[in-house]
Protein chains: 2
Amino acid sequence: MVPTLKDVAERAGVSRSAVSRAFTDGASVSAKMRKRVEKAASELGFSPNVLASSLTTGRTKLIGLVSNNFHNPIFLEVFDLFTRALQDQGLRPLLVNLTDETDPANSVRMLRQYSVDGVVVASSTLPPAFGKAFRDAGVPVVHAFGRVTSAPEVHVVGIDNIDAGRLAAQSLIARGYQRVGFMGGPEVATSTQDRLKGFLQELALHPQIRASQSFARTYSFEAGREEMQDLLSRAHAEAYFCGDDVLSIGALSAIQDRRLSVPDDIGIIGLNDMEIAGWHNINLTTIRQPIKEIVTSSIELITAMLREPARLPEARIFACQIVERGTLRPLPTTAAP
Amino acid sequence: MVPTLKDVAERAGVSRSAVSRAFTDGASVSAKMRKRVEKAASELGFSPNVLASSLTTGRTKLIGLVSNNFHNPIFLEVFDLFTRALQDQGLRPLLVNLTDETDPANSVRMLRQYSVDGVVVASSTLPPAFGKAFRDAGVPVVHAFGRVTSAPEVHVVGIDNIDAGRLAAQSLIARGYQRVGFMGGPEVATSTQDRLKGFLQELALHPQIRASQSFARTYSFEAGREEMQDLLSRAHAEAYFCGDDVLSIGALSAIQDRRLSVPDDIGIIGLNDMEIAGWHNINLTTIRQPIKEIVTSSIELITAMLREPARLPEARIFACQIVERGTLRPLPTTAAP
DNA sequence: AGCCAATTTGCAATCGGTTGCAATAACTAT
DNA sequence: ATAGTTATTGCAACCGATTGCAAATTGGCT
């Protein structure tokens, strides 16, 4: 049905090797030959089968895009960016949904069956064991949105969560909140721990400020809402740093239900800056995670690994930035003289 | 590096065919042989290379998942469902992002290079030319969320948009709104046209009700917001059927800005029922598109096509259902006797 | 034990390409 | 012209699997 290299060779009256070479750039072919082959090829509508060639070249141009975050809207943006960036490099993403997968071995087998050239793990919650398993299987890996440490076992690109926690605390303090709270995601997640750590570190410099902490079940609207309902039924803080934007919006909904006003009665700052956070009826003040840069950088690393497989793991850390919107009261204006 | 069939054969002291057969079920192998091969294979950590076998079998188990909707949160849910459903069938999604792609030929070439077994187009806005191009290239296609017609050119599964428009109009009328509006997505989209058609059909049965119509630039929050701002600055209707949930939420934000109350001053009904629509601080009344069923059905069709490539194109239409929340006033209770 | 049929196994060709090597063609310089 | 290079081309083996066919094994039955 579909034309093969052999068909082209016959039609052009040349050897199969010639055709193959005409399609690989940098190969030894005369201009005349290339023209001739291209003519035959286009008449037949031929384009070489990447998978067949992968057998000899060892390159499939397939990149496993593995994630388990299919409920956080920011990941739609992430997938959009990743797929486009990969396509621009002539690579194709093989999407792997690891929701409820616990055994890295399964995923490794799966990806090896398709002999992907590399894997990018795009997840903030997938255990590092997955990344390591891929690496041990000899597959280049980069973990985007992973936990950055000073001695990474695989390439990691993301933000410094400790720093983000610190930034959140600073923002709250600068706006004059006296009792602040940390409402994190699941307590077991290292990202949660790191953010808490930074948050508390900063607060330690301001002993007059009271801090509290709590954790939502999951990174979801409902969990954020319930956690905030719980907090509101007890003595609550004046402002909260929430685990992420989704959690924040859940918290906001609980606050609105109580007829409390934001940011006057309670302030909220989120993390991620997903598109929805900017919607006017949400208008969430949040810490922006530079996803575009993280994606670009991840792709850079993965392509670098393709060229140079022995490259040592590296951590790339991006700074976060606070995005002022309406859920935190404004910075006090410095008094005029 | 990675063990091949040959390695296993040598270690087990059998022929390569024997190993191959041990891994394909239904093949002629004795239990003893299979045991022996499996032992060697597991010692070596071998698993067969799907891509290599695809050369002879003609099956890659790769399904192109093509879409251009990377900004509508409902598609994250769609991708989640599709990837899981495909995985359950032993198939792998090759994600193709067709944002800003206009030439079907490119996509066809791309997918042929990877010799995908089939393609599922998951998009409500991709022109039918793409689906047809894949079909003409001999690749099984199903267009999920496509336009269903009585004489489909490729398999289509989705909702009946005319029906949805009718349902929206009925809901509005049943709730006693006298002046209703259709605030559609881009006017050129056939889905928009169909929904409008159904909407007007129903209204034609109620001549006492006044209807107006307008269209947003795109299916986006901002477009919905701007369109509604525009409408509000003129004489506006009492209730609107918006093109989709995102547009609806944009419209809601414009309404809130004007300090008008929903649903007392203005009612809104959306379409899709994405997760966010149910968030308490959005609480959007909407028409639910049964995405789970659409996905399941699409997968069913694509696997059916793999078994029986000549199968005639079929349209599968799912009924929509209205999800009562807070942006439309309640149905009048029938008066007690 | 002997014969025939049914299973099981291995050989070798094949899928659609790539690539090292040797043969040929095209230049270059004398 | 001619020898010496250099650039092109084709042959044939190979990548990692599958599969038709024939050979070998097994088993059943007399």
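Owing to the predicted nature of the structure, the values given are computational and were not obtained by experimental measurement.

Visitor: Can you break down the packing of aromatic side chains residue by residue, with the values?
Guide: Residues and elements named next belong to chain A. Overall, the coordinates contain 18 aromatic pairs over all chains when judged by the stated rule. Considering the side-chain rings of Phe199 and Phe241, the 5.9 Å spacing of their centres and the 25° angle between planes classify their relative orientation as stacked. Of this pair, Phe199 sits in helix H9 (residues 190–204) while Phe241 sits in strand E8 (residues 239–242), placing them 42 residues apart in sequence. On the accessibility criterion, Phe199 (0% relative accessible area) is buried. The buried category is assigned to Phe241, whose relative accessible area is 1%. Taken together, the ring pairs in this structure connect Phe70, Phe75, Phe79 and Phe145 into an aromatic cluster. Here the basic side chain of Arg329 rests over the ring of Tyr177, its NZ or CZ set 4.0 Å away from the ring centre.

Visitor: So, the pattern of salt bridges: which residues are in play, and what are the values?
Guide: All names here are of chain A. In the structure shown here, the tally under the stated rule is 38 salt bridges over all chains. The partner of Asp136 in a salt bridge is Arg135, with the nearest N and O atoms 3.0 Å apart. With a relative accessible area of 59%, Asp136 lands in the exposed category. Look at Arg135 and you get partly exposed, because its relative accessible area is 34%. In this structure, Glu314 and Arg311 form a salt bridge, with 3.1 Å as the shortest nitrogen-oxygen distance. A relative accessible area of 25% means that Arg311 is categorised as partly exposed.

Visitor: Can you lay out unusual backbone geometry for me, pointing to particular residues and giving the numbers?
Guide: Residue and element names in this part refer to chain A. Omega for the peptide link from Val262 to Pro263 comes to 5°, which places this bond in the cis form. Phi angles above zero are rare outside glycine, and Lys61 is one such case at about 60°. Looking at the secondary structure, you find Lys61 in the loop between helix H4 (50–57) and strand E1 (62–67). Positioned with a positive phi, Asp273 is a non-glycine residue whose angle comes to about 60°. Overall, Asp273 belongs to the buried group, its relative accessible area being 15%.

Visitor: Residues and numbers for the nonpolar core, please.
Guide: Counting 147 residues, the largest nonpolar core has Met228 and Ile268 of chain A together with Met228 and Ile268 of chain B as its most contacted members. Looking at this core, the element that brings in the most residues is helix H5 (residues 74–88) of chain B, giving 9 residues. Those residues in contact with Ile268 of chain B, other than ones at most four positions away along the chain, are Met228, Tyr240, Cys242, Ser248, Ala251, Leu252, Ile255, Leu284, Thr285, Thr327 and Leu328 of chain B. Among the nonpolar cores identified, the runner-up in size contains 46 residues, and Leu62 and Val66 of chain A together with Ala133 and Ala137 of chain B belong to it.

Visitor: Go over the domain arrangement of chain A with me, naming the residues and quoting the values.
Guide: How big an interface is tends to be expressed through the accessible area that disappears when the partners come together. Residue and element names in this part refer to chain A. Split into domains, chain A comes out as domain 1 (5–48), domain 2 (62–159 + 290–318) and domain 3 (161–289). Just the C-alpha atoms count here: the centres of domain 2 and domain 3 sit 28 Å apart. If you look at the interface, domain 2 gives 13 residues, while domain 3 gives 16 residues. Together, the buried faces of domain 2 and domain 3 total about 1,200 Å²; carbon and sulfur atoms form 53% of this surface. The largest contributions to the domain 2 side of the interface with domain 3 come from Ile74, Arg147 and Ile159, which together make up 43% of the buried area. Summed over the shared surface of domain 2 and domain 3, the number is 1 salt bridge. The partner of Arg147 in a salt bridge is Asp194, with the nearest N and O atoms 2.9 Å apart. Of all the secondary-structure elements, those providing two or more residues to the side of domain 2 that touches domain 3 are helix H5 (74–88) and helix H12 (291–307). Looking at the side of domain 2 that touches domain 3 element by element, the count peaks at 3 residues for H12. Considering only residue class, the side of domain 2 that touches domain 3 consists of 7 nonpolar, 3 polar and 3 charged.

Parameters at a glance
- Residues numbered from 1 in each chain as written.
- Chains lettered and ligands numbered in written order.
- Predicted model: local features only at pLDDT ≥ 70, side-chain atom pairs only at ≥ 80, totals over all residues.
- Heavy atoms only, no water.
- Phe/Tyr/Trp six-rings, centres within 6.5 Å; stacked < 30°, edge-to-face > 60°.
- Helix = DSSP H or I, 4+ residues; strand = E, 2+ residues; numbered from the N terminus.
- Buried < 20%, exposed > 50% of the residue type's maximum accessible area, 1.4 Å probe, protein only.
- Lys NZ or Arg CZ within 6 Å of the ring centre and 35° of its normal.
- Salt bridge = Lys/Arg side-chain N within 4 Å of Asp/Glu carboxyl O.
- Core = buried A, V, L, I, M, F, W, Y, C linked by side-chain atoms within 4.5 Å.
- Contact = heavy atoms within 4.5 Å.
- Domains from an automatic or database assignment.
- Buried area = accessible area lost by both parts, 1.4 Å probe.
- Nonpolar A, V, L, I, M, F, W, Y, C, P; charged D, E, K, R; others polar.

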